[in-house]
Amino acid sequence: MKAEFNKELIKKYDRPGPRYTSYPPATEFNERFGAEEYIKRLIKSNERKTPLSLYFHIPFCEQRCLYCGCNVIISHRKGIEEPYLERVYKEMDLVSQYIDKDRKVIQLHWGGGTPNYLSPEQIKKFFGEIEKRFPIDENAEISIELDPRYLTDEQIKAIKEVGFNRVSMGIQDLNPKVQQAVNRVQPYELIKEKMEKLREAGFESINVDLIYGLPYQTKESFEETVEKVIELNPDRIATYSFAYIPQIKPHQQLLPKEALPSAEEKLRILEMVIERFQSAGYVYIGMDHFAKPHDELAVAQRKGELWRNFQGYTTKKGVELLGFGATSIGMLYDSYFQNWKTLRDYNKTVDEGRIPVFRGYVLNEDDFIRREVIMDIMCNLGVEFGKIEKMFSINFKEYFERELEELREMEEDGLIKIEEDRIRILPVGRLLIRNVAMVFDAHLRKKKEVSFSKTI
Ligand code: SF4
């Protein structure tokens with residue numbers, strides 16, 4: 001089912017909302033749940049014997065991209081990463097002592113920052129340290145984010161050798177003027193060359209990220225980027241909407257504000273993006289993500305088995321995620337935990353021999369039910385009442401009487417169809433799934449004011 005662009009409805013429903021990489025979202029985490037609670041829940045998690053997903057955060061970058069919304073440390077001076085890696089090894093010791101050794105890792109991801117800030121030797125050592133503490137399944141999905149500007153042949157060799165099988169590269173925009181304005185200059189030829197080398201090296205899947213809403217972008221200019229990306233033939237594409245928040249990210253003040261595309265122009269860009277990638281054969285997964293029809297994300301969505309976690313869409317529903325490094329978030333079945341965000345706090349806590357978690361959230365009964373409903377809307381384009389009733393022993397129509405009533409307007413607008421036994425997202429509603437999900441968000445309901453980014 002293709003997504004259909006309807007400008008009037010997008011305008012009507014465009015309002016702040018979470019991206020639901022978790023439910024409840026990270027804005028609900030609080031400091032009542034710290035390391036002690038985490039340890040208790042880690043031990044308990046062994047009873048479930050669920051496989052593991054590991055996330056490692058490498059917060060260093062060579063240069064600041066002016067649009068960036070991440071917490072990063074900018075430094076050309078190599079050497080600062082070494083003590084950080086040592087602390088990540090120590091953090092792994094602190095956490096892995098509570099995890100049964102027979103729980104296999106079926107998913108592993110290095111994000112950042114820039115994971116290829118590390119040298120080939122550091123990459124090999126780091127991976128070896130992970131293997132010492134956690135058994136990695138031979139069919140595990142092992143992925144890494146790469147910055148093409150600094151990617152060397154030796155790094156490609158090292159990441160392949162240790163076992164990475166998926167890579168993700170930030171392209172953002174190929175227009176030289178836009179690249180200058182955002183302080184990320186990376187010519188098309190360079191990206192093409194790196195993609196070819198990654199393919200030759202035999203990586204199973206190559207993802208690329210784009211951003212729309214950057215200075216000097218127009219529908220016409222961004223269309224050229226989109227056409228070139230289609231030629232590059234990546235397996236997955238994420239096209240994010242740029243959030244201009246200079247009051248929170250002061251470096252964004254260096255962007256030429258007057259050159260930012262208007263809300264109207266951003267909609268024109270989005271319409272073109274949806275149209276071009278779909279007609280080039282990509283499946284619109286949702287929330288700015290596209291994948292080839294044979295890609296496992298698209299297959300899982302067709303089967304109704306897709307899920308979301310802090311890295312976005314995933315086929316690994318039911319795994320428990322352990323996050324390592326500053327800012328990382330872990331997701332156990334019944335709880336979420338986040339590490340200290342600044343290096344100072346992270347370093348201090350690990351040096352004191354304590355797990356560096358500073359806040360978290362423990363789901364209540366209602367959260368479990370709503371999480372299942374929201375994830376089905378976000379990932380699998382609808383909710384089957386029977387499935388939820390069976391899982392949680394509730395009567396769906398009674399439990400969600402108010403929500404079903406509120407959804408009537410969206411049904412009249414053609415976003416969804418409420419049937420006897422399910423809610424289905426219709427093509428026009430696919431770009432507004434967050435709005436449908438938000439109706440089921442009890443935490444959002446409680447808040448008078450929200451401060452999330454706009455839904456588009
Ligand atoms: S490379 Fe990535 S993480 Fe680093 S500053 Fe640029 S956008 Fe941010």
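Residues numbered from 1 in each chain as written. Predicted model: local features only at pLDDT ≥ 70, side-chain atom pairs only at ≥ 80, totals over all residues.

### Structural notes on the packing of helix 5 (residues 153-162) against helix 7 (residues 188-201)
This is how the line gets drawn: Geometry is summarised by axes, namely lines fitted to C-alpha atoms with helices restricted to the contacting stretch, and by angles between N-to-C directions that run from 0 to 180 degrees. Secondary structure elements follow DSSP: runs of H or I of four or more residues count as helices, runs of E of two or more count as strands, with numbering from the N terminus. Take the far helix as the reference: if the near one is turned anticlockwise from it by less than a right angle, the crossing is left-handed, and if turned clockwise, right-handed. A residue pair is marked as a contact if its C-beta atoms, positioned from the backbone, fall within 7 Å. Under the scheme applied here, ten amino acids are nonpolar (Ala, Val, Leu, Ile, Met, Phe, Trp, Tyr, Cys and Pro), four are charged (Asp, Glu, Lys and Arg), and all others, including Gly, are polar.
As a packed pair, helix 5 and helix 7 sit with axes 10 Å apart at the nearest point and diverge in direction by 35 degrees. In this structure, helix 5 crosses over helix 7, and the sense of that crossing is right-handed. On the side of helix 5, the interface is formed by D153, I156 and K160, while helix 7 contributes K197, L198 and A201. Here the contact of helix 5 with helix 7 is built from residues that sort into three nonpolar, no polar and three charged.

### Quick notes on the packing of helix 4 (residues 120-133) against helix 5
The line we're drawing: Should an angle lie under 35 degrees it is considered roughly parallel, over 145 roughly antiparallel, and from 65 to 115 roughly perpendicular; all remaining angles are considered oblique.
With their axes 8 Å apart at the nearest point, helix 4 and helix 5 run at an angle of 15 degrees to one another. With respect to their mutual orientation, helix 4 and helix 5 come out roughly parallel. Here helix 4 runs over helix 5; the crossing is right-handed. Seen from helix 4, the contacting residues are P120, I123, K124 and F127; seen from helix 5, they are E154, Q155, K157, A158, I159 and V162. In the contact of helix 4 with helix 5, the residues fall into six nonpolar, one polar and three charged.

### Focus: the domain arrangement of the chain
Definition in use: An automatic or database domain assignment supplies the start and end points of every domain.
Under the domain assignment, the chain is made up of domain 1 (1-24 + 364-449) and domain 2 (26-324). Here domain 1 and domain 2 have C-alpha centroids that lie 27 Å from each other. At the junction of the two partners, domain 1 supplies 17 residues and domain 2 supplies 18 residues. Every element with two or more residues in the side of domain 1 that touches domain 2 is listed here: helix 1 (7-13) and helix 12 (365-380). When residues of the side of domain 1 that touches domain 2 are assigned to their parent elements, the largest contribution, four residues, is made by helix 12.

### So, the site of the ligand
To keep it simple, the criterion reads: By definition, a residue lies near a molecule or strand when the C-beta atom built from its backbone is within 6 Å of it.
Within the structure, the ligand sits among C61, R64, C65, C68, C70, V72, G112, G113, T114, D147 and G170. Split into classes, the residues belonging to the shell around the ligand amount to five nonpolar, four polar and two charged.

### Considerations on the sheet that holds strand 18 (residues 416-418)
Applied cut-off: If DSSP finds at least two bridges between two strands, the strands pair.
Strands sit in the order 17-19-18 across an open sheet of three strands; the sheet is antiparallel. Edge positions in the open sheet fall to strand 17 (382-384) and strand 18, since each of these has one partner strand only. If you compare each strand with its neighbour and ignore which way they point, the axes differ by 15 degrees on average. Of the pairings in the sheet, the one linking strand 17 to strand 19 (residues 422-425) comprises three bridges and is antiparallel in character. Across the sheet, the residue bridging to E384 is R422, located in strand 19. Contacts from helix 12 reach strand 17 and strand 19, with the element oriented near 130 degrees to strand 17.

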